[in-house]
Amino acid sequence: DLQVDTVRFGGPAASAGLLPHDEIVAVDGQDVRGVNRSLYATMIEVPAGTTVRLGLARGATVDVVAGKRR
């Protein structure tokens, strides 16, 4: 499973509504479960400022703006 480990307080993921332990099941509408799991890594490699839509197992969809890598 692609499960969120932690969410930084006040960060872009927290602001978007992402929660610790959320399971990511889609990126920009593309299923990333099972045999499609390998797609996840390439789909989240985006420039800072890009909005990525994450579909979650709990039925929610959140839009997260990619930040600069630390």
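Everything in this summary refers to the structure shown in the same document. Keep in mind that what you see is a predicted model, and the values were worked out from it rather than measured. (Residues numbered from 1 in each chain as written. Predicted model: local features only at pLDDT ≥ 70, side-chain atom pairs only at ≥ 80, totals over all residues. Heavy atoms only, no water.)

Across the sheet, four strands lie side by side as β2-β1-β3-β4; this open sheet has antiparallel pairing. Unpaired on one side and paired on the other, β2 (30–31) and β4 (61–65) mark the two borders of the sheet. Strand direction decides the pairing type here: strand β1 (residues 24–27) and β2, joined by two bridges, are antiparallel. For Val 27, the partnering residue across the bridge sits in β2 and is Gln 30. (Pairing = 2+ DSSP bridges. Helix = DSSP H or I, 4+ residues; strand = E, 2+ residues; numbered from the N terminus.)

Our next topic: the pattern of salt bridges. In total, this model carries three salt bridges according to the counting rule given. Notably, a salt bridge pairs Asp 22 with Arg 58, separated by 2.7 Å at the nearest N-O pair. One end of the pair, Asp 22, is in the loop between α1 (12–16) and β1; the other, Arg 58, is in the loop between β3 (51–56) and β4, with 36 residues separating them in the sequence. Between Asp 31 and Arg 33 there is a salt bridge; the shortest N-O distance is 3.2 Å. A relative accessible area of 46% places Arg 33 in the partly exposed class. (Salt bridge = Lys/Arg side-chain N within 4 Å of Asp/Glu carboxyl O. Buried < 20%, exposed > 50% of the residue type's maximum accessible area, 1.4 Å probe, protein only.)

The subject of this paragraph is the layout of surface pockets. A volume near 800 Å³ is recorded for the largest pocket. What lines the largest pocket is a set of 24 residues, among which Ala 13, Val 64, Val 65, Ala 66 and Gly 67 lie closest to the centre. Mapped onto the lining of the largest pocket, the elements with two or more residues apiece are α1, β3 and β4. Ranked by residue count, the leading element in the lining of the largest pocket is α1, at three residues. (1 Å grid on protein atoms, 1.4 Å probe; cavity = no way out; pocket = protein on both sides within 12 Å on 5 of 7 lines; lining within 4 Å. Points joined across faces, edges and corners; volume = space filled by probe spheres on them.)

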